[in-house]
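A structural walkthrough
So the chains spell out like this:
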Amino acid sequence: SYSALAKPLARLAKDFLQHKEHAWLNCLVQSLEALSLSLASVLKAFEEKEHVQMLLPISRTLCMGVASMAPLLGTLALARETHTAVSKVLPMCSRLALASLRFIPELATSE
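So, here's what we can say about the structure. From a predicted model like this one, the values you see are computed outputs, not experimental measurements. Residue indices follow the written sequence of each chain, beginning from 1 at its first position. It should be noted that, the model being predicted, local features are given only for residues of pLDDT at least 70 and side-chain atom pairs only at 80 or more, the latter also being counted only at that level, while totals for whole chains, interfaces and linings use all residues. Think of the side-chain values as coming from all heavy atoms in the structure, minus any hydrogens and water.

Turning our eyes to something else, we now look at the overall build of the protein. Per the convention used, a helix needs a DSSP run of H or I reaching at least four residues, while a strand needs a run of E reaching at least two, with both numbered from the N terminus. When helices and strands are tallied, the protein shows 5 helices and 0 strands. Starting at the N terminus and walking to the C terminus, you meet the elements of the protein as α-α-α-α-α. When the backbone C-alpha atoms are referred to their principal axes, the protein occupies close to 55 × 25 × 15 Å. For every residue, the accessible area (1.4 Å probe, protein chains only) is compared with the maximum for its type, and the residue is labelled buried under 20%, exposed over 50%, or partly exposed between those bounds. Across the 111 residues of the protein, 35% fall into the buried class. Within the protein, contacts between residues separated by at least 24 positions form 72% of all contacts whose residues are at least 6 apart in sequence. Exposure was quantified through the Shrake-Rupley algorithm and a 1.4 Å probe, taking into account, for residues, occlusion by the shown protein chains and nothing else. In the form shown here, the protein has an accessible surface area of approximately 7,000 Å², with 62% of it arising from carbon and sulfur atoms. Between the mean site of the 11 positive side-chain charges and the mean site of the 9 negative ones, the protein shows a separation of 5 Å. Any two residues whose heavy atoms approach within 4.5 Å at even a single point are treated as in contact. The positive count covers Lys and Arg only, the negative count covers Asp and Glu only, and His and the chain ends enter neither. Note on charges: their place is set at NZ of Lys, CZ of Arg, CG of Asp or CD of Glu.

Spelled out as structure tokens, the structure:
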């Protein structure tokens, strides 16, 4: 489901980068904001270590969403208008991947 949304957004980002048409800029920025909010919520829940077993499927799904949005993020990172937003989201993507790995039951150490 993420790729169904990510592909058209990536196409809009390429069009934006090539033609600097600002008609879709708001939509692209809002997609980054939605991703950022989702990442922040899951990361906060991991930090609080609440309901980690319930959180793992959500985190894995979000990681798949981030992977689907990689072409979009790569394209938007090249645009001056969206570079700052992307540079805020990318570290959160890395933190989510690392946090998810930390709590995978097969890899987790007993604390």
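Next comes the rest of the write-up.
Following the sequence through the fold, Val 66 ends up in helix H3 (residues 52-68). The buried category is assigned to Val 66, whose relative accessible area is 14%. Along the sequence, Val 66 and Ser 94 sit 28 residues apart, while their C-alpha atoms lie 9.8 Å from each other. Excluding residues that lie within four positions of it along the chain, Val 66 makes contacts with Leu 35, Leu 39 and Cys 93.

All right, on to helix H5 (residues 83-102) then. Each residue after the first adds 1.5 Å to the expected span of a helix. Taking 1.5 Å as the rise per residue, H5 with 20 residues should run 28 Å; its terminal C-alpha atoms sit 29 Å apart, in good agreement. Those residues of H5 that fall on the buried side of the exposure criterion are Val 86, Val 89, Met 92, Cys 93, Leu 96, Ala 99 and Ser 100. Buried residues in H5, looked at end-on, bunch into an arc of 150°, giving them a common side. On its buried face, H5 is in contact with helix H2 (25-48), H3 and helix H4 (70-78). Read the arc as the range of directions from the helix axis to the C-beta atoms.

Attention now goes to the side chain of Thr 82. Residue position: Thr 82 is located in the loop between H4 and H5. For Thr 82, the contacting residues outside a window of four places in its chain are Leu 25, Val 29 and Leu 76.

Take the packing of H4 against H5 next. Orientation is described by lines fitted to C-alpha atoms, with helices fitted over the stretch in contact, and by angles between N-to-C directions that extend from 0 to 180 degrees. At a minimum axis distance of 8 Å, the contact between H4 and H5 shows a crossing angle of 140°. Compared by their axis directions, H4 and H5 come out oblique. Seen along the crossing, H4 lies across H5 with a hand that is left-handed. Facing Leu 73, Leu 76 and Ala 77 of H4, the residues of H5 in contact are His 83, Val 86, Val 89, Leu 90 and Cys 93. Any angle that falls under 35 degrees is termed roughly parallel, while one over 145 is termed roughly antiparallel, one within 65 to 115 roughly perpendicular, and all others oblique. Helix crossings fall into two classes, left-handed where the near helix is turned counterclockwise from the far one by less than a right angle and right-handed where it is turned clockwise.

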